[in-house]
Amino acid sequence: MPPAAVAPPMREIFEIRDADGAGRIGELTVPRADVTVETPALLPVINPHLRTVSPATLESEFGAQILITNGYILYQSEEFREEALERGLADIYEFSGAIMTDSGSFQLSEYGEISVTNAEILEFQRDIGSHIGTPIDIPTPPDVSREQAEDDLETTKSRLDAAQSVDVGDMLVNAPIQGSTYPDLRESAAEHAYGTSLDVFPVGAVVPLMNSYRYADMIDVVRAAKRGLGADAPVHLFGAGHPMMFALAVAAGCDLFDSAAYALYARDGRYLTVSGTDHLDDLDYFPCSCPVCTKYTPEFLRSVAEAEREELLARHNLYVSYQELRTIKQAIREGNLFELVERRARGHPAMVDGYRALLDHAAELEREDPVSKGTFFYLSSQSARRPEVLRYHDRLSRLSVPGDRVLFSEGGDNRRFEETWRLLPPFGPVPPALSDSYPLTTERPERLDREAYEAAAEGVSRIVEANPDIEFAIAHWGWPDSALAALPNAVETLALGPESDHPDDS
Ligand SMILES: [Zn+2]
């Protein structure tokens, strides 16, 4: 382990413009490309041997500001190696944005060994004009033994340490974060990486989790890495290219995604959407208005030659991916990223798990969440666990309460009590002065679920515990027993409704 006492360097390449939860709109400055990339950003993967959509088209038609290609494939290729060294990647790809390269770690994990050293591959990436290079880390898969995860991680850490002394010029360098599915190892790997002078932080080896729809585990891994990193660290979810999980991953704090999926899925006739993957053979209609889907029908696409079908599907897959990133950025700007994640979570059961896992980290997210945003939409029982609800409950225990007898009411007030506050599930009691402030201007369905009332009961409990000398009562419209049972014993309950003791009847 390296000494931990030195303060990490301030990273001036990444600036946060806007935030919602742990999600943010940022600007990544890439000095060697002389460009600034707006994040969240997608890096289409360019296979040097096989270009489904050309980099120039990615830039002109899709607005790509950054892409990624494999430095190790170029290094090994007799066809491309000399050309890459002579002309440089920007010239070969006819791309004026930022170009990231990876190092062969994936090949290492697939084939066990590669024929290049860490310093050699970093220098090669520098020499072919990469703007963001990658050292050779060890991508440890999920669910390995702890011993293997620890051993691999020590190697990865030593490679990152060594990368700092390679002369890379003004090329930025990735500092991959490994640690398999052990959150504490991911966190310590992130702390170590953040302590180096390296620049961008890919969370590595999560592809097997995504391929098997283990979004909850993916979120736990990402949040563990985020705990070890400063807020100024740009985070890349390495190998994540399916638009269905972009919103969830951004809300967890990821800034960069790379997509080989757009091309790989197209090759298999698969059609990406924000709620999953369809197969071209199963589609009678395209549920999309991109240029491909408005111009052609599924039937037509099935009838054309394979190469053309692949390209058209890849274009749709790219359109839907970039559209989703714009949707996410607009949601961050408006302060309703959680509402977007919740809508996306409705698209696939695995996404529900991912969203629930994210809400398990609500206390962490609350620290990064802006205090005031757009309107809080209560959309499902998960809304009751959002960071805004936690924050409000914490605030309740600090509010000063006037009087000796106080009513929290879903109906009117009652003269038996000196003071009446509105009772607003899922938040709880609302003093009149806060009624018009976020998130208490919430929009809720009339038919709330049990979790909303239970959360409101938690809010009542917080204020009751903080004010033991005051008598409290609630007036409620048919709260479920589970919520009433969660109230402190000392709280009197008055049921509202036609058959009951209306609190106005005093
Ligand atoms: Zn489309």
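Fair warning: this is a prediction, and the values are worked out from it, not measured in the lab.

A.B. asks: Got a minute to help me understand the packing of aromatic side chains in this structure?
C.D. replies: Note on aromatic pairs: each is described by the distance of the centres and the angle between the planes. Evaluated as defined, the whole model comprises 13 aromatic pairs. Relative to Tyr319, the ring of Phe62 has its centre 4.5 Å away and its plane inclined at 50 degrees; by these criteria the two rings are tilted. In this pair, Phe62 is assigned in helix α1 (residues 55-62) and Tyr319 in helix α15 (residues 306-334), connecting sequence segments 257 residues apart. Accessibility classification places Phe62 together with Tyr319 in one group, the buried group. Measuring from centroid to centroid gives 4.8 Å for Phe246 and Phe257, while their planes differ by 35 degrees, and the two rings are tilted. With Phe246 in helix α11 (residues 246-252) and Phe257 in strand β11 (residues 256-259), this residue pair connects regions lying eleven residues apart in the sequence.

A.B. asks: Is there a simple way to explain the packing of helix α19 (residues 387-396) against helix α20 (residues 450-466) in this structure?
C.D. replies: To describe two helices that pack against each other, one gives the angle between their axes and the distance between the axes. For the pair α19 and α20, the least separation of the axes is 8 Å and the interaxial angle reads 25 degrees. Between α19 and α20, the angle falls in the class roughly parallel. Judged by the twist between their axes, the crossing of α19 over α20 is right-handed. Residues Val389, His393, Asp394 and Leu396 of α19 touch α20, and the partners they reach there are Ala455, Glu458, Gly459, Arg462 and Ile463. When grouped by side-chain class, the residues that make up the contact of α19 with α20 number four nonpolar, two polar and three charged.

A.B. asks: How should I be thinking about the coordination of the zinc ion in this particular structure?
C.D. replies: The reference angle at a metal is 109.5 degrees if four donors form a tetrahedron and 90 or 180 degrees if six donors form an octahedron. Bound to the zinc ion are the protein donor atoms Cys288 (SG), Cys290 (SG), Cys293 (SG) and His316 (ND1), situated 2.1 to 2.3 Å from the metal. Around the zinc ion, the four donor atoms are arranged such that angles at the metal cover 100 to 118 degrees; this shape is classified as tetrahedral. Counting residues between consecutive donors of the zinc ion along the chain gives the motif C-x1-C-x2-C-x22-H. Residue Cys288 is classed as buried on the basis of its relative accessible area of 17%.

A.B. asks: Could you clarify how one ought to interpret α1 in this entry?
C.D. replies: Each α-helix winds once per 3.6 residues, and so residues spaced three or four apart point in a common direction. Those residues of α1 that fall on the buried side of the exposure criterion are Pro55, Thr57, Leu58 and Phe62. Along the axis of α1, the buried residues cluster in a sector spanning 160 degrees; they form a single face. The secondary structure elements touched by the buried residues of α1 are β4 (41-46), β5 (66-70), α4 (89-93) and α15.

A.B. asks: Would you take a moment to explain the sheet that holds strand β1 (residues 14-20) for this structure?
C.D. replies: On the basis of which strands lie adjacent, the open sheet formed by three strands has the order β1-β2-β3 and antiparallel pairing. The outermost strands of the open sheet, each flanked by one partner alone, are β1 and β3 (35-39). Neighbouring strand axes in the sheet, compared pairwise and without regard to direction, differ in orientation by 15 degrees on average. Sheet topology note: the strand β2 (residues 23-30)/β3 ladder contains five bridges and is antiparallel. Pairing of Thr29 across the sheet is with Thr36, part of β3.

A.B. asks: What is the right way to look at the pairing of strand β12 (residues 270-273) in this model?
C.D. replies: Here is the key point about a regular strand: its side chains alternate between the two faces of the sheet. Pairing of β12 with strand β13 (residues 276-279) involves four bridges; the strand directions are antiparallel. Bridging from a neighbouring strand, Leu272 pairs with Thr277 of β13. What sits between β12 and β13 in their antiparallel hairpin is a turn of two residues.

The rules behind the values
Along each chain, numbering runs from 1 in the same order as the chain's sequence is written. With pLDDT at 70 or above as the cut-off, local features in this predicted model cover only qualifying residues; side-chain atom pairs require 80 or more to be listed or tallied, and sums for whole chains, interfaces and linings still use all residues. Hydrogens and waters are ignored; side-chain quantities use all the structure's heavy atoms. Aromatic rings from Phe, Tyr and Trp, taking only the six-membered ring of Trp, are treated as a pair when their centres fall within 6.5 Å; an angle between ring planes under 30 degrees marks them as stacked, one over 60 as edge-to-face, and anything in between as tilted. Secondary structure follows DSSP: runs of H or I at least 4 residues long count as helices, runs of E at least 2 residues long count as strands, and numbering of each begins at the N terminus. Accessibility here uses a 1.4 Å probe with only protein chains present; expressed as a share of the type maximum, an area under 20% marks a residue as buried, one over 50% as exposed, and anything in between as partly exposed. Every axis in this analysis is a line fitted to C-alpha atoms, fitted for helices over the stretch in contact. Angles between the N-to-C directions lie between 0 and 180 degrees. We call two directions roughly parallel when the angle between them is under 35 degrees, roughly antiparallel when it is over 145, roughly perpendicular when it lies between 65 and 115, and oblique otherwise. Crossings are sorted by hand: turned counterclockwise from the far helix by less than a right angle, the near helix makes the crossing left-handed, and turned clockwise it makes it right-handed. In this analysis, two residues are considered to be in contact whenever any of their non-hydrogen atoms come within 4.5 Å of each other. For this classification, Asp, Glu, Lys and Arg are treated as charged, while Ala, Val, Leu, Ile, Met, Phe, Trp, Tyr, Cys and Pro are nonpolar and the rest, including Gly, are polar. Only nitrogen, oxygen and sulfur atoms within 2.8 Å of the metal, or 3.2 Å for Na, K and Ca, are treated as donors, and water is left out, so sites may look incomplete. Between 85 and 135 degrees for all angles marks four donors as tetrahedral; over 155 degrees for opposite donors together with 65 to 115 for all other angles marks four donors as square planar and six as octahedral; every other arrangement is irregular. What the arc measures is the spread of directions leading from the helix axis to the C-beta atoms. Two strands pair under a simple rule: DSSP has to find at least two bridges between them.

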